[in-house]
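# Examining the three-dimensional arrangement
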Amino acid sequence: MSQADTESRRQEDLDAYHVIDCDCHYMESFHDVAEYMEEPWKTKFEGGNFDEKGAKQNLSSFFPFSTGDRQAHGKITREHSSYPDSPETPERIREGMESIGVDETLLISHLILAGAGTIADDTRQSAFAKAYVEYMSEEVLDPDDGIHGLAPIPYYDVDASMEILDRIEDRDEYVGACFVTAGATPPLGNRKYDPIYERCEDMDLAAVFHTGGAGLDEYVRGGYEEMLETHTLGFLESNMSQIVSLVVQGVPEKFPDLDISFMESGVTYLPGLMTRLDEEYLKRPEEAPLLEKKPGEYITDFYYGTQPLEISADPEYLEKCIDMVGADQLMFASDYPHWDYDRPTTVMDLPFLSEEEVEMVLSKNAQEVFGL
Amino acid sequence: MSDLVEVKPADEFENGDREFVDVGGVEVGVLQVEDEFYALQNYCLHDGGPVCSGKTHRKLLGEFKEPGKRVDKSYSEDECVISCPWHGWSYDIESGDHLANDDISLPTYEVVVEDGVVYVGGQKN
């Protein structure tokens, strides 16, 4: 045995299931996307010295604009991805999928995750999102081979968002619209976003809300010192704030056929949020007059990506949390190749799920939500 | 000698080198770190990652000196850690104990050098 056998780790287990990954990140480069930009952004970006640097965060490791270094200063590496040193390629996406046991994947832009916090200039996000959609269609997505896409929605600019939805309406490669939750102001239950949700509902296009790639420190409160603090809190805050806004403002009642899912905050935060919101709703329901049932019951109508699943928690507690959310509302998500990605083994190993529930979480729920 | 699994001659190791051997059906990584040999199970207790191919580094220690002052952080002079490259679970390279929870301990193995050859012996913990 001359080297670590990294290819066969529980490969038989992984091969036993058809797995759909609802949250995989494609490491596009500004350089590649710039070719598809409209002017004046094309000229600006092509001259921006981004080159082919990928998603490297060397500068932020030292002077963080989001606390800390995601690779934990060299501890974490990716054998089957170019991240973070170089842009990804379609070939490497397939290599990464195979290495973690995924058969179909939904790709979400990496760079857009930090864009939602840029609220000073909404044309910046629109220009990027439009070009990204074209770039991915042209060069990366391949639905016949299980490579699906989620279109980033630059929701601050409703007109641009509607234009993107128009563009992808007849494109099979896009199976959802992606809203980055971090930094969204006003929060995403605001009526200004209604036309976007209405259009998604008309198109039978799933709305995927993805928490932000940046930390709490950028959006809510400065002064934290470690990524352990900001990543733990920030990802929850970003999703929780939009879940509450969507529910209280009645988005599920306004657009009852819209499939809503939230990504990348695990599952244990949900029971706490549901029970607190229900408790307050009982005291002031007049502030949410569109609701026909308790807020928590809308929250359990939403779908959730599993990652990062809290597998080290007390199994009884985790079982109760998953029971409250419902195995029929969970969809496997890897977040690959990010530092805290999950393999499908995290779901397969849950001792309290039935075989049928494991299959639901690993693929069947996603097949329904995304029409795969 | 029958219980020892041969790795390779000691003088063919350099600091940072890793070799992988089968010890009773378990994949074991043998490393030379700072002139010492270590052998640990090459299967992370988190999700089976190839922990012995990961980064080795000195353990970072923190000491509270007095209220209002920064915690004094420094690298240990002798304790070393190995981290799984998949997700960063880190273990004391000598004891196999997880850095954040010593209820979790990665199996470690005896390393024996006889007649200039490195062998792996039985499990230690």
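Quick note: structure is the one above.
These numbers come from a predicted model, not from an experiment.

Definitions and cut-offs
- Residues numbered from 1 in each chain as written.
- Chains lettered and ligands numbered in written order.
- Predicted model: local features only at pLDDT ≥ 70, side-chain atom pairs only at ≥ 80, totals over all residues.
- Heavy atoms only, no water.
- Helix = DSSP H or I, 4+ residues; strand = E, 2+ residues; numbered from the N terminus.
- Buried < 20%, exposed > 50% of the residue type's maximum accessible area, 1.4 Å probe, protein only.
- Contact = heavy atoms within 4.5 Å.
- Areas by Shrake-Rupley, 256 points an atom, 1.4 Å probe, with all protein chains shown as cover.
- Core = buried A, V, L, I, M, F, W, Y, C linked by side-chain atoms within 4.5 Å.
- Salt bridge = Lys/Arg side-chain N within 4 Å of Asp/Glu carboxyl O.
- Lys, Arg positive; Asp, Glu negative; His and termini not counted.
- Polar contact = N/O pair within 3.5 Å; in protein donor to acceptor, adjacent residues only side chain to side chain.

## Some thoughts on the overall build of chain A
- Across its full length, chain A holds 16 helices and 8 strands.
- Relative to its 372 residues, chain A shows a buried fraction of 57%.
- Partitioning the contacts of chain A with sequence separation of at least 6, the portion at a separation of at least 24 is 80%.
- By element, 47% of the accessible surface of chain A is carried by carbon and sulfur atoms, the whole surface being about 15,800 Å².

## Digging into the nonpolar core
All names here are of chain A.
- Within the largest apolar cluster, 106 residues are counted, with the highest numbers of intra-cluster contacts made by Y155, F179, Y197, I243 and Y304.
- Of the residues forming this core, the biggest block, 8 residues, is contributed by helix 6 (residues 122-139).
- By size, the runner-up hydrophobic cluster in this structure holds 16 residues, among which are L150, A206, M263 and A333.

## Focus: the pattern of salt bridges
- Under the defined criterion, the tally for this structure stands at 27 salt bridges over all chains.
- In this structure, R9(A) and E27(B) form a salt bridge, with 2.9 Å as the shortest nitrogen-oxygen distance. A residue pair is termed interchain when its members come from two chains, as with R9(A) in the segment before helix 1 (11-15) and E27(B) in strand 3 (residues 26-33).
- On the basis of relative accessible area, R9(A) is assigned to the buried category, the value being 4%.
- What you see here is one network of salt bridges that share partners, running through E38(A), K130(A), E134(A), E163(A), R167(A) and R171(A).

## A word on the side chain of E88(A)
Residues and elements named next belong to chain A.
- Note on placement: E88 falls in the loop between helix 4 (58-62) and helix 5 (90-100).
- Among buried charged residues, E88 stands out as having no salt bridge; its nearest opposite-charge side chain is R92, 4.8 Å away.
- A distance of 2.7 Å separates a polar atom in the side chain of E88 from a polar atom in the side chain of S81.
- The contacts of E88, once residues within four sequence positions are left out, are Y26, M27, S81, S82, Y83 and I93.

## A few points about the environment of L290(A)
Residues and elements named next belong to chain A.
- Tracing the sequence through the fold places L290 in the loop between helix 12 (269-283) and helix 13 (295-299).
- The exposure class of L290 is partly exposed, given its relative accessible area of 40%.
- Setting aside residues up to four positions removed in sequence, L290 forms contacts with Q249, G250, E253, K254 and Y298.

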